[in-house]
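Chain by chain, the residues run as shown.
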Amino acid sequence: MAGKKVIGVLALQGAFVEHQAALRRCKAEAIRVRSKEDVKAIDGLIIPGGESTTIGRLLVDYDLGDSIIERSRAGMPVFGTCAGMIVMAKEIPGSDQYSLGLMDISARRNAFGRQVDSFEAYLDVKGQAKKIKGVFIRAPYVDRVWGETEVLSVYDGKVVMARENNLLVSSFHPELTPDLTVHKYFLGML
Ligand code: GLN
């Protein structure tokens, strides 16, 4: 086997510590990404949940956007959860916030409505035998996919997980449960 793959977790804001811990529980090598040098050193990237406007602003301030876009166009796997999903979307209805614009999806922010700010649900995910527990926190959903994007999970009629080749997104937070299925799925894309 070639050298061990290194997964980066974008560590500007949000739930990066939890993703790093989940990756380590998968026995993967996980580093925090805060510089262009970090982006060069990784084989895959997770963009965590948090606040998508803040993550977007920090991507601009740290001047990391172009290097992530370049690596992802060259095939590096990128996985965005919750705010990370928004940051990866080509369209964010009703917002002009910064986005990497990587994936052929429209991601609607805070889309499950205020009365259900946060909730948990068991999800059917394409290709997975067992249901996966999804933790949703002021979660977005995907309201439109196009191109090569494939829907992997739907909850309450809304797309909550999708993949386009080397790109993966989920509305929910797989790093907040002990179940490593989604992280292992992402590692399988490397
Ligand atoms: N609502 C947040 C946003 O729009 C996302 C919430 C989350 O990542 N848990 O950025």
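Structure: above.
Let me begin by describing the structure that accompanies this report. Treat the numbers as computed from the prediction; the structure is a model and nothing was measured.

Let's talk about the overall build of the chain
Here's step 1: Counting its regular elements, the chain contains 6 helices and 12 strands.
Here's step 2: In terms of overall size, the chain behaves like a compact globule, its C-alpha atoms giving a radius of gyration of 15 Å where 190 residues would be expected to give roughly 16 Å.
Here's step 3: With the C-alpha coordinates aligned to their principal axes, the bounding extent of the chain is approximately 45 × 40 × 30 Å.
Here's step 4: In the chain, once contacts between residues fewer than 6 apart in sequence are set aside, the share between residues at least 24 apart is 64%.
Here's step 5: Carbon and sulfur atoms form 47% of the exposed surface of the chain, whose accessible area is close to 8,800 Å².
Here's step 6: Within the chain, one finds 25 positive and 23 negative side-chain charges whose respective centroids are separated by 4 Å.

Considerations on the site of the ligand
Here's step 1: Lining the immediate environment of the ligand, one finds Gly49, Gly50, Glu51, Ser52, Cys82, Ala83, Ile86, Arg109, Asn110, Ile137, Arg138 and His173.
Here's step 2: Within the side chain of Arg109, an N or O atom sits 2.7 Å from an oxygen atom of the ligand.
Here's step 3: His173 places a side-chain nitrogen or oxygen 3.0 Å from a nitrogen atom of the ligand.
Here's step 4: Protein coverage of the free-state accessible area of the ligand, which is 300 Å², stands at 96%.
Here's step 5: Tallied by class, the residues present in the shell around the ligand amount to 4 nonpolar, 5 polar and 3 charged.

A look at the pattern of salt bridges
Here's step 1: The full count for this structure, using the stated rule, is 10 salt bridges.
Here's step 2: The salt bridge involving Glu51 is made with Arg138; its shortest N-O contact spans 3.2 Å. With a gap of 87 residues between them, Glu51 in the loop between β3 (44-47) and α3 (52-61) and Arg138 in the loop between β8 (132-137) and β9 (141-145) connect regions that are remote in the sequence.
Here's step 3: Overall, Arg138 belongs to the partly exposed group, its relative accessible area being 40%.
Here's step 4: The partner of Arg144 in a salt bridge is Glu91, and the shortest N-O contact between them spans 2.8 Å. Within this pair, whereas Arg144 is found in strand β9, its partner Glu91 is found in strand β5 (residues 89-91), the two being separated by 53 residues in sequence.
Here's step 5: Residue class for Glu91 comes out partly exposed when judged on its relative accessible area of 33%.
Here's step 6: It is possible to trace a salt-bridge network through shared partners that takes in Glu51, Arg109 and Arg138.

Section: the pairing of strand β7 (residues 118-123)
Here's step 1: The alternating pattern of β7 places Phe119, Ala121 and Leu123 on a buried face, while none of Ser118, Glu120 and Tyr122, on the opposite face, is buried.
Here's step 2: Judged from the 6 bridges that link them, β7 and β8 form a sheet pairing that is antiparallel. Bridge pairing links Ala121 to Gly134 in β8.

Rules and cut-offs
- Residues numbered from 1 in each chain as written.
- Predicted model: local features only at pLDDT ≥ 70, side-chain atom pairs only at ≥ 80, totals over all residues.
- Heavy atoms only, no water.
- Helix = DSSP H or I, 4+ residues; strand = E, 2+ residues; numbered from the N terminus.
- Rg over C-alpha atoms; globule rule 2.2 N^0.38 Å.
- Contact = heavy atoms within 4.5 Å.
- Areas by Shrake-Rupley, 256 points an atom, 1.4 Å probe, with all protein chains shown as cover.
- Lys, Arg positive; Asp, Glu negative; His and termini not counted.
- Charge placed at Lys NZ, Arg CZ, Asp CG, Glu CD.
- Near = heavy atom within 4 Å.
- Polar contact = N/O pair within 3.5 Å; in protein donor to acceptor, adjacent residues only side chain to side chain.
- Nonpolar A, V, L, I, M, F, W, Y, C, P; charged D, E, K, R; others polar.
- Salt bridge = Lys/Arg side-chain N within 4 Å of Asp/Glu carboxyl O.
- Buried < 20%, exposed > 50% of the residue type's maximum accessible area, 1.4 Å probe, protein only.
- Pairing = 2+ DSSP bridges.

The values are spatial; any link to function lies outside them.
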